[in-house]
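Reading the structure
So the chains spell out like this:
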Amino acid sequence: MNSRLSKIARRVQRALVRGIMAVAPKRPHLVINGFPVDEGNAVEMLRASAERYPGTVYWLVPEVDEAHGVLEASGADPDRRVVIVPHRSFVGLWRFATAEVSMFTHGLFGNPGRVPRKTMVNLWHGGGFKGNIMSDERGRPTISSDYLVASTRKFGVARARECRLPADGLLVTGNPRIDQFARSGSAALDRLGIDRARPFVLWMPTFRRNKGRGLTAGWSDVAGGSAVDVNAVMAGCVELLAREYDLAVVVKPHPQDGESRSIPGAIVVTNESLRDAGVQLYELIGEASGLLTDYSSVWIDFLALDRPIAFVVPDEAGYAAGRGFDPPDALDWLPGPKVADEAAVRAFADDVLAGGRASADRRREVADEIGHAGGPGVAHRILDELQARGVFIRPIRPRASTVADDGD
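Residues numbered from 1 in each chain as written. Predicted model: local features only at pLDDT ≥ 70, side-chain atom pairs only at ≥ 80, totals over all residues. Heavy atoms only, no water.

What to know about the environment of Thr-98
- If you trace the backbone, Thr-98 turns up in helix 4 (residues 90–98).
- Residue classification places Thr-98 among the buried residues on the basis of a relative accessible area of 1%.
- Through-space distance from the C-alpha of Thr-98 to that of Leu-30 is 9.2 Å; in sequence the pair is 68 residues apart.
- Every residue in contact with Thr-98, bar those within four places of it in the chain, is listed here: Ala-24, Pro-25, Lys-26, Arg-27, His-29 and Lys-118.
- Engagement of the side chain of Thr-98 in a polar contact is seen with the backbone oxygen of Trp-94, the distance being 2.7 Å. (Helix = DSSP H or I, 4+ residues; strand = E, 2+ residues; numbered from the N terminus. Buried < 20%, exposed > 50% of the residue type's maximum accessible area, 1.4 Å probe, protein only. Contact = heavy atoms within 4.5 Å. Polar contact = N/O pair within 3.5 Å; in protein donor to acceptor, adjacent residues only side chain to side chain.)

Below, the structure written as structure tokens:
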């Protein structure tokens, strides 16, 4: 009954917001929203927009005080051009309804759908091969937009098809959050209590059982629930890596994970501890010597660093029968081994300590197959792509670095 009421409430919300958007005037301002508040794609678009967008940039957030802290710590708005607005407020709704361009990672105000003259950009927060990301059980899009940002051609095309994206709406630019790699450094590790003299690998699992959020109930992505104890598999990996290779393991759980990912001997870093330390997530990722993950899309971003990646997927069969993969052959195109036994763990550790030479050819092969997009300045590329499509009332400013280059 509660689930049915939630669906009805969402439909009503979408219809009301869409009606307001249809009649409200278009104004020369930009709206950005991300979940959680320090989500990297949103923060990096704030950074680039604050530098180049000629109008006001409104950041819609759950808690204004928390957002001020994130903005200050990230340095994304040195000139104080960003105006922070409570998301769940009439002002927030009006800014969204009248914005010439809105950017978001999870949709806004019930995902009302496209309307003429106002551009919506789905920054998303991943871009991997999980199935049924942007459509419901009937195949209808749950998040509509005019443009979708993607980090690969192969997976981006699948997501564009799923959300029925308009022609020419796919922006294969890479995720803006990888711009944070360039700002990583040992100071970030010091603030998190990580020994920078000791190389570490980062374990970043996705959730199997989601906590749920707002009107959305939690769910499990594994058919029959999480029958395989993923933590137990990782506990063995952590012990071996520390004992024989002197490699530390840092765990970054998914913020919506319904299960604890605390592993004996590993360092757990949460969104809250990152925030308290004033460290952006991708600054931490940029310091890792290797990555352990699963069905999360983080490995696609990590390809830009050209370092070893391995996959902890003991529940692969259950996940395939549950949420599934799109495209179906996605796991045939992994840039590193599946950690299925001790020998695989040892091979991964050896590769990490050798700087990733053993797996370099495989990473390049996979990057070519999936059409990987990387490189610096992703957020600025997105603004340039949007300007080329004529979505801004007034032209955006040139990049500061471009101006400097022209003067040389």
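With respect to the packing of aromatic side chains
- All told, the structure shown has 12 aromatic pairs when counted by the stated rule.
- Arranged with centres 6.4 Å apart and planes meeting at 15°, the rings of Phe-90 and Trp-94 form a pair that is stacked. Taken together, the positions of Phe-90 and Trp-94, both in helix 4 and 4 residues apart, correspond to about one turn of that helix.
- Its relative accessible area of 34% is what places Trp-94 among the partly exposed residues.
- A cation sits over an aromatic face here: Lys-130 above Phe-207, 4.7 Å from the ring centre. (Phe/Tyr/Trp six-rings, centres within 6.5 Å; stacked < 30°, edge-to-face > 60°. Lys NZ or Arg CZ within 6 Å of the ring centre and 35° of its normal.)

Quick notes on the sheet that holds strand 10 (residues 267–268)
- Pairing is parallel in the open sheet, where 5 strands are placed in the order 10-9-8-11-12. A strand with exactly one partner marks an edge of an open sheet, and here the two such strands are strand 10 and strand 12 (309–311).
- Lying over the sheet, helix 7 (residues 230–245) contacts strand 8 (200–204), strand 9 (248–251) and strand 11 (290–293), oriented at roughly 175° with respect to strand 8.
- Seen against the sheet, helix 12 (residues 342–353) touches strand 8, strand 11 and strand 12 and runs at an angle of roughly 150° to strand 11. (Pairing = 2+ DSSP bridges. Axes fitted to C-alpha atoms, helices over the stretch in contact; angles between N-to-C directions.)

Comments concerning the side chain of Gln-180
- Here Gln-180 shows up in the loop between strand 7 (170–172) and helix 6 (186–192).
- Separated by 3.1 Å, the side chains of Gln-180 and Glu-44 make a polar contact.

Remarks on the nonpolar core
- Counting residues in hydrophobic clusters, the biggest one holds 75 residues, and the most contacted among them are Trp-59, Met-103 and Trp-299.
- Sort the elements by how many residues they give to this core and helix 2 (residues 40–52) lands first, with 6 residues.
- Residues in contact with Trp-299, not counting those within four places in the same chain, are Phe-129, Phe-155, Leu-291, Thr-293, Ile-309, Phe-311, Trp-333, Pro-335, Val-366 and Ile-370.
- Core analysis: the second largest hydrophobic core is formed by 26 residues, Ala-24, Phe-104, Ile-143 and Leu-148 among them. (Core = buried A, V, L, I, M, F, W, Y, C linked by side-chain atoms within 4.5 Å.)

A word on the confidence of the model for the chain
- Per-residue confidence for the chain gives a mean pLDDT of 89; residues scoring 70 or more make up 93%.
- Predicted confidence for residues 402–408 stays below pLDDT 50, and this span has 1 contact to residues more than four positions away or in other chains. (pLDDT = per-residue confidence, 0-100.)

Examining the pairing of strand 9
- With burial as the criterion, each face of strand 9 is covered, one bearing Ala-248 and Val-250 and the other bearing Val-249 and Val-251.
- Examined bridge by bridge, strand 8 and strand 9 share 4 bridges and lie parallel to one another. For Leu-202, the partnering residue across the bridge sits in strand 9 and is Val-250.

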